[in-house]
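# What the coordinates show
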Amino acid sequence: MRKTKILPWTEEWEKSYKQEEKILKEIFKGELVDIFHIGSTSVPAIGYAKPIIDILIVVKNIEKVDLYNEELRKFGYKPKGENGISGRRYFPKGNENRTHHVHIFQVGNENIKTHLDFKEYLIKYPEDAKRYGDLKIKLAKQFSEDHYKYQAEKQEFVNELVKKAKKCALKRTSD
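Residues numbered from 1 in each chain as written. Predicted model: local features only at pLDDT ≥ 70, side-chain atom pairs only at ≥ 80, totals over all residues. Heavy atoms only, no water.

### Quick word on the pairing of strand β4 (residues 53-59)
- Among the 7 residues that make up β4, 7 are buried, leaving the element largely enclosed by the rest of the structure.
- Along β4, one buried face is formed by I53, I55, I57 and V59 and the opposite face, lined by D54, L56 and V58, is buried too.
- In the sheet, strand β2 (residues 32-38) pairs with β4 via 6 bridges, with the strands oriented antiparallel. Across the sheet, the residue bridging to F36 is L56, located in β4.
- Pairing between β4 and strand β6 (residues 100-106): 7 bridges, direction parallel. When the sheet's bridge partners are listed, I57 is paired in β6 with I104. (Buried < 20%, exposed > 50% of the residue type's maximum accessible area, 1.4 Å probe, protein only. Helix = DSSP H or I, 4+ residues; strand = E, 2+ residues; numbered from the N terminus. Pairing = 2+ DSSP bridges.)

### Focus: the nonpolar core
- Of all hydrophobic cores here, the largest spans 19 residues; its most connected members are L24, F28, I55, I57, L72, V102 and I104.
- Secondary structure elements with two or more residues in this core: α1 (12-27), β4 and β6.
- Not counting the four nearest positions on each side in its chain, F28 is found in contact with I57, V65, Y68, L72 and I104.
- In this structure, V43, I46, A165 and C168 belong to the second largest nonpolar core, which totals 18 residues. (Core = buried A, V, L, I, M, F, W, Y, C linked by side-chain atoms within 4.5 Å. Contact = heavy atoms within 4.5 Å.)

### Focus: the sheet that holds strand β5 (residues 88-93)
- Within the open sheet, the 4 strands sit side by side as β2-β4-β6-β5. Their pairing is mixed. If you trace the sheet from one side to the other, it starts and ends with β2 and β5, each paired once. In this sheet, neighbouring strand axes are inclined to one another by 20° on average, regardless of whether the strands run parallel or antiparallel.
- α1 rests against β2, β4, β5 and β6 of the sheet, and its axis sits at about 165° to β2. (Axes fitted to C-alpha atoms, helices over the stretch in contact; angles between N-to-C directions.)

### Some details on the packing of helix α4 (residues 126-142) against helix α5 (residues 147-174)
- Interhelical geometry of α4 versus α5 gives an angle of 170° and a closest axis separation of 10 Å. Taken as axis vectors, α4 and α5 run roughly antiparallel relative to one another. Where α4 abuts α5, its residues D128, R131, Y132, L135, K136, L139 and A140 lie against Y150, E153, K154, F157, V158, L161 and K164.
- The residue inventory of the contact of α4 with α5, partitioned by class, reads 8 nonpolar, no polar and 6 charged. (Parallel < 35°, antiparallel > 145°, perpendicular 65-115°, else oblique. Nonpolar A, V, L, I, M, F, W, Y, C, P; charged D, E, K, R; others polar.)

### Side note on the packing of aromatic side chains
- Applying the stated rule across the entire model yields 5 aromatic pairs.
- For the pair Y132 and F157, a centre-to-centre distance of 6.0 Å together with 25° between the ring planes defines the contact as stacked. In this pair, Y132 is assigned in helix α4 and F157 in helix α5, connecting sequence segments 25 residues apart.
- We classify Y132 as buried; its relative accessible area is 4%.
- F157 gets classed as buried once you look at its relative accessible area, which sits at 17%. (Phe/Tyr/Trp six-rings, centres within 6.5 Å; stacked < 30°, edge-to-face > 60°.)

As structure tokens, this is what we get:
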């Protein structure tokens, strides 16, 4: 079972994202619409995160992503298909010591907006970002040997933040 390891935020995460971004842009150049660094490693105000870089890729056609599985394997990514989220392709890198998670959606998928609104909200409201980081530390100590329990316990707080982020995004578009 994977252990939960939380580290203080570092600029190295942005560098790691940029390195991987170059590789992924080259792999998906024919299908790529956009690419983003998401998740806790992309928001310094959170203060803490699992040292796993989450990358969101937007493609023209999700069905064509499967054609890139072999190329992604060459760079250490493991194709996992939808992995529980309809319309997504998911690729973790690093087996038990994961370094990256790639989430791929077709342009127009609602999950893209959800991820980007969540990040924008946490950047705009650093006090909520800090509360999220504090919760991560607490839960990582409590469930260091049980990654799935850690994830489950923080989900309620994440759901609340997602609601706030959606509300904030709606307000922006109506202003």
